[in-house]
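Coordinate inspection notes
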Amino acid sequence: LPPRHMDTMVQIVEALESTTHGITGTVPELARALGGCSTPGCRAVLGEPPSVPPAPPTLSHEQWLLFTQLLRHDAAAPERGAVLAPDGSTIALGPLFAGIEVGLKRVLGWPMPTIKPPIDALYAVTITEALGTSFLLARDGDGHRATLGPGGCWDDVDDPQNYTLLGPPSPIPDAIANGAMDGVLLGAQLAQAPIPLADLLRGYYGTGNGTEKGRPPSSYRRRDFGVLTAPGKLEEEVTAVLKVLRVLPPTQELLKDVGLEEVVAIARQAARDFTEVYVECPAIVPRCMWGARPYRGTPKLLTLPLSSIYIHHTFVPSTPCRTFTACARAMRAMQRFHQDTRGWDDIGYSFVVGSDGYLYQGRGWHWVGAHTKGYNSKGYGVSYVGDFSATLPDPDTIALVRDEFLTCAVRTGRLHHNYTLRGHRQMGHTDCPGNSLFHEIETWRGFE
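Please read these numbers as outputs of a predicted model, since none were measured by experiment. (Residues numbered from 1 in each chain as written. Predicted model: local features only at pLDDT ≥ 70, side-chain atom pairs only at ≥ 80, totals over all residues. Heavy atoms only, no water.)

What about the overall build of the chain?
Assigned secondary structure in the chain consists of 16 helices and 10 strands. Burial analysis of the chain (448 residues in total) assigns 54% to the buried set. Counting only contacts in the chain whose residues sit at least 6 apart along the sequence, the fraction spanning at least 24 positions is 73%. In the structure as shown, the chain presents an accessible area of about 19,000 Å², 53% of it carried by carbon and sulfur atoms. If the 40 positive side-chain charges of the chain are averaged to one point and the 46 negative ones to another, these points end up 4 Å apart. (Helix = DSSP H or I, 4+ residues; strand = E, 2+ residues; numbered from the N terminus. Buried < 20%, exposed > 50% of the residue type's maximum accessible area, 1.4 Å probe, protein only. Contact = heavy atoms within 4.5 Å. Areas by Shrake-Rupley, 256 points an atom, 1.4 Å probe, with all protein chains shown as cover. Lys, Arg positive; Asp, Glu negative; His and termini not counted. Charge placed at Lys NZ, Arg CZ, Asp CG, Glu CD.)

Some words on a negative patch on the surface
Taken together, the side chains of Asp 155, Asp 156, Asp 158 and Asp 159 present a region of like negative charge at the surface. Looking at where Asp 159 falls in the secondary structure, it is placed in the loop between β3 (152-154) and β4 (163-165). (Patch = residues over 30% accessible without salt bridge, like charges linked within 9 Å, V, L, I, M, F, W, Y side chains within 5 Å. Salt bridge = Lys/Arg side-chain N within 4 Å of Asp/Glu carboxyl O.)

Topic: the packing of aromatic side chains
For the coordinates displayed, the defined rule picks out 13 aromatic pairs. Plain terms: the ring middles of Trp 365 and Phe 405 are 5.3 Å apart, the flat faces sit at 10 degrees to each other, and that makes the pair stacked. Taken together, the residues span a long stretch of sequence, with Trp 365 in the loop between β8 (359-361) and β9 (379-384) and Phe 405 in helix α15 (residues 395-411) at a distance of 40 residues. Residue class for Phe 405 comes out buried when judged on its relative accessible area of 1%. Taking 5.7 Å as the distance between ring centres and 70 degrees as the angle between the ring planes, the aromatic pair formed by Phe 438 and Phe 447 counts as edge-to-face. Ring pairs connect the aromatic residues Phe 351, Trp 365, Tyr 380 and Phe 405, which therefore count as one cluster. The cationic tip of Arg 215 hangs over the ring face of Tyr 220; the distance from NZ or CZ to the ring centre is 3.7 Å. The ring of Phe 438 is capped by Arg 425, whose NZ or CZ atom sits 4.8 Å from the centre of that ring. (Phe/Tyr/Trp six-rings, centres within 6.5 Å; stacked < 30°, edge-to-face > 60°. Lys NZ or Arg CZ within 6 Å of the ring centre and 35° of its normal.)

Considering the pattern of salt bridges
Going through the model one piece at a time under the given rule, you end up with 25 salt bridges. Bridged by salt links that share partners, the residues Glu 29, Arg 32, Glu 101 and Lys 105 form one connected network.

Points about the nonpolar core
Within the largest apolar cluster, 69 residues are counted, with the highest numbers of intra-cluster contacts made by Leu 131, Phe 274 and Tyr 360. In this structure, Met 6, Val 27, Leu 66 and Leu 104 belong to the second largest nonpolar core, which totals 34 residues. (Core = buried A, V, L, I, M, F, W, Y, C linked by side-chain atoms within 4.5 Å.)

Take a look at the structure:
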């Protein structure tokens, strides 16, 4: 089949939009016919799905097969309906197309059903039903049931076919969270002014521009979703959708013993956790996505929380990386240098900062690195890709560590709240992290 990549999806959407022959309604309605939005809440908002039409003549057999596979909802494996975007993130198509359909209906003036209590249709079909249900199911468990995540990895980023989760699944793996946030953002955009769906997707994900032209809007999804959706709004909408699910026949049984106070408590927890994980904490690209070699030997476990952060620059590569492709290439080059030339077990840094809006996992949260001689077990080593002797990283790349990563590390218990922050040069004979970056971090909280 064609690669499960957003480029492929844009080509399919373009072919479907080029003709109405054999297709009734819009591409999002076709997605719903194939099972993309088949939950009780989604049916209550958008109505019963249309019947599946015959294969459209504008698509090849392989394209139609892929499209039907990606939209077939599987509650046991919701991440199966996912594609890889050029920025390296993975997007579930169900919530994406559902949000787009609500946006189209709004701009065209189609009436939405009146549901009691009133709910925001855009949030209900993308995130709030899934979020409320996930936390509802977890409340009866033994405390070990995952409510959010995990991320996953593709078998091959150039020809993505299979996506494997990196841990026990929840109803909202990262792919669903990304697809839901994108569905809200693109649905809200479409509700202002309709444009062809292929153009919308191409512009947002940066497909078809060779992906070497810098950051696409999709790499800002966490920031943009946070701006659009205050935690109070999310909590309010999860509460409303759970109240609706209490009276819908398919979900009445699930909520029959849940009182209104408990509904509110579940919604508050769900909104708070989702905001922390997907809005306030930055996205971290796992090792398997950038093509890491295995660790050599046996890694040593860190004792958390740590008390320090050490800031570095890579120096080589000297140019900041602005795309997933370039940053992944830089990570592989650094790992080769650290393992083959320096003779280390692995890439030395705990995390590496791209100028594409993402952090890249080196040794990660739990394992001792090789970044700051004599201090590797005391703190995390965080390195910016580039040479910052005379210039600074982009403002949003500075903020990624200063405002998001450090706050997240403290909140999740990995870093002491009264941590100390230092430049590599303070701990050894080196110019790292470069004069410009060093003068910048002197202004950060925790600098000593």
